[in-house]
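This is what each chain is made of:
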Amino acid sequence: MESGVVSRIVNDVYQLCRPDDSGTLADYIPELAAAQPDSFALCLATADGRIYGTGDLDVSFTIQSISKPFTYALALADRGTEFVDARIDVEPSGEAFNEISLDPVTERPRNPMINAGAITAASLITGSDPVERFERIRRCYSRFAGRELSMNEAVYASEARTGFRNRAIGYMLRSFGIIDSDPDEAVDRYFRQCSLDVTCRDLALMAATLANNGRNPVTRERALSTALTERVLSVMTTCGMYNAAGDWVTSVGLPAKSGVGGGIVAVLPGQIGIAVYSPRLDAHGNSVRGVAACRELSQRLELHFL
Ligand code: DON
């Protein structure tokens, strides 16, 4: 498609979705409620490195659960698929992201996109000490984004102060032998990864790197192997939008991941990465304008492929 046409569609979708001020900011992590509620950005990056964006493209927000596919990717690269599969299933859960649950038959977290699976993935990252293990996550995400990302200390402190449910999940995982290291360290690493600051442009490039088989289309650096990229996209397809996953797949038709910071990424494999930022959330914890913008873009650019 001609670039002028794509640019016009991105702008039209932005204008169409902008008036919707429904939804509420996440406030269960107190610092998240400090976001500017009306911020809105939409960015599309192609697998050959063209970028189309509009709105608050350079406003920073924390990546939150959009981190989950990327840490899962690094755990797969560090430990191999068989080792990771023995600890984290790849089945949709239909549950809330922070459900304190394991599959009753396998006694494993149902997938890496809910917190139980994400905390397990964080526990599997290799490195000589906790500092290096988190640093490897930060560098991995930075390769996807094509620039050095850093952590938002205020959000991290806020989450660390209030994250008792995630600690409960960490201890449950340790008691079932899913995590065999210190659960507090794994949960702390998960809090840190969720607190990495990104912009909408960063997320679009992270999504475009997944679209481009794991190679960043701008820096040309490889962030993930092609085989693992396919697996991560598959899990995003079935589990990325929590209990709204079925609705998302039928209306948008793209692998995706959302975060309570207000970001959403969606990927058309081989072609396009999309990112939206708007921090007002619906009842599922997904950005209201983000879901609407992805649905519109998918229709207008005919991206629905699932
Ligand atoms: O586990 C938590 O509470 C957060 N740090 C991440 C949550 C999140 O983004 C869930 N998703 N929509």
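Before any of the text, the structure's been laid out above.
Residues numbered from 1 in each chain as written. Predicted model: local features only at pLDDT ≥ 70, side-chain atom pairs only at ≥ 80, totals over all residues. Heavy atoms only, no water.

Explanation requested: helix 1 (residues 3-17) in the structure shown.
Since the α-helix turns once every 3.6 residues, residues separated by three or four places project in the same direction. Look at helix 1: 21 Å from first C-alpha to last across 15 residues, which is about the 21 Å you get at 1.5 Å a residue. Of the residues making up helix 1, those classed as buried are V6, I9, V10, V13, Y14 and C17. End-on view of helix 1: buried residues confined to an arc of 135°, all on one side of the axis. On its buried face, helix 1 is in contact with strand 1 (41-46), strand 2 (51-55) and helix 12 (288-300). (Helix = DSSP H or I, 4+ residues; strand = E, 2+ residues; numbered from the N terminus. Expected span 1.5 Å × (residues − 1). Buried < 20%, exposed > 50% of the residue type's maximum accessible area, 1.4 Å probe, protein only. Arc of directions from axis to C-beta. Contact = heavy atoms within 4.5 Å.)

When you look at the site of the ligand in this model, what are you seeing that I'm missing?
By nearness alone, 15 residues border the ligand, and Y28, Q64, S65, E159 and Y190 come closest of all. A distance of 2.6 Å separates an oxygen atom of the ligand from a polar atom in the side chain of Y190. Alone, the ligand offers 340 Å² of accessible surface; in the complex the protein occludes 99% of this. Residues of the shell around the ligand, tallied by class, amount to seven nonpolar, seven polar and one charged. (Near = heavy atom within 4 Å. Polar contact = N/O pair within 3.5 Å; in protein donor to acceptor, adjacent residues only side chain to side chain. Areas by Shrake-Rupley, 256 points an atom, 1.4 Å probe, with all protein chains shown as cover. Nonpolar A, V, L, I, M, F, W, Y, C, P; charged D, E, K, R; others polar.)

Any chance you could explain the packing of aromatic side chains here in plain terms?
Each aromatic ring pair is specified by the distance between its two centres and by the angle formed by the two planes. Applying the stated criterion across every chain, the model contains six aromatic pairs. Judged by centre distance (4.4 Å) and plane angle (10°), the ring pair of Y14 and F40 falls under stacked. Of this pair, Y14 sits in helix 1 while F40 sits in the loop between helix 1 and strand 1, and the two are 26 residues apart along the sequence. Side by side, Y14 and F40 carry an identical accessibility label, which is buried. Measuring from ring centre to ring centre gives 4.8 Å for F70 and F144, while their planes differ by 70°; the resulting arrangement is edge-to-face. Remark: F144 occurs in helix 5 (residues 130-145) and F70 occurs in helix 2 (residues 67-79); sequence separation between them is 74 residues. For the pair formed by F70 and F144, the shared burial category is buried. Clustering of aromatic rings is evident, with ring pairs tying together F70, Y141 and F144. In this arrangement the basic side chain of R87 is found over the ring face of F83, its NZ or CZ atom lying 3.7 Å from the centre. (Phe/Tyr/Trp six-rings, centres within 6.5 Å; stacked < 30°, edge-to-face > 60°. Lys NZ or Arg CZ within 6 Å of the ring centre and 35° of its normal.)

For this particular structure, what's the right way to read the pattern of salt bridges?
Pairing between side chains of opposite charge can happen when their charged atoms approach one another. All chains considered together, the criterion is met by 18 salt bridges. The partner of D12 in a salt bridge is R8, and the shortest N-O contact between them spans 3.6 Å. Taken together, the positions of D12 and R8, both in helix 1 and four residues apart, correspond to about one turn of that helix. Residue classification places D12 among the partly exposed positions, given a relative accessible area of 32%. Residue E185 is joined to R133 by a salt bridge in which the shortest nitrogen-to-oxygen separation is 2.9 Å. Of this pair, E185 sits in helix 8 (residues 183-194) while R133 sits in helix 5, and the two are 52 residues apart along the sequence. This pair shows no difference in class: E185 is buried, exactly as R133 is. (Salt bridge = Lys/Arg side-chain N within 4 Å of Asp/Glu carboxyl O.)

How should helix 5 be read in this particular structure?
The end-to-end C-alpha distance of helix 5, which contains 16 residues, comes to 23 Å, matching closely the 22 Å that a straight helix rising 1.5 Å per residue would cover. Of all the positions in helix 5, only R133, F134, R136, I137, R138, C140, Y141, S142, F144 and A145 are classed as buried. Against the buried residues of helix 5 lie helix 2, helix 8 and helix 9 (200-211). The backbone nitrogen of V131 lies 3.1 Å from a side-chain oxygen of the residue at the head of helix 5, namely D129.

What's the story with the packing of helix 1 against helix 12 in this structure? I'm lost.
Axes are the key here: two packed helices are described by the angle between their axes and the distance separating the axes. For the pair helix 1 and helix 12, interaxial distance at closest approach is 10 Å and the crossing angle is 140°. For the pair helix 1 and helix 12, the crossing hand works out as right-handed. In contact with I9, V10, D12, V13, L16 and C17 of helix 1, helix 12 contributes R289, A292, A293, E296, L297 and R300. Residues of the contact of helix 1 with helix 12, tallied by class, amount to eight nonpolar, no polar and four charged. (Axes fitted to C-alpha atoms, helices over the stretch in contact; angles between N-to-C directions. Left-handed = near helix turned anticlockwise from the far one by under 90°.)

I keep staring at the packing of helix 4 (residues 115-123) against helix 8 and nothing clicks. Help me out?
Where helix 4 contacts helix 8, the two axes come as close as 8 Å, and the packing angle between them is 105°. Put simply, helix 4 runs roughly perpendicular to helix 8. Facing N115, A118, I119, A122 and S123 of helix 4, the residues of helix 8 in contact are A186, V187, R189, Y190 and Q193. Broken down by class, the residue content of the contact of helix 4 with helix 8 amounts to six nonpolar, three polar and one charged. (Parallel < 35°, antiparallel > 145°, perpendicular 65-115°, else oblique.)

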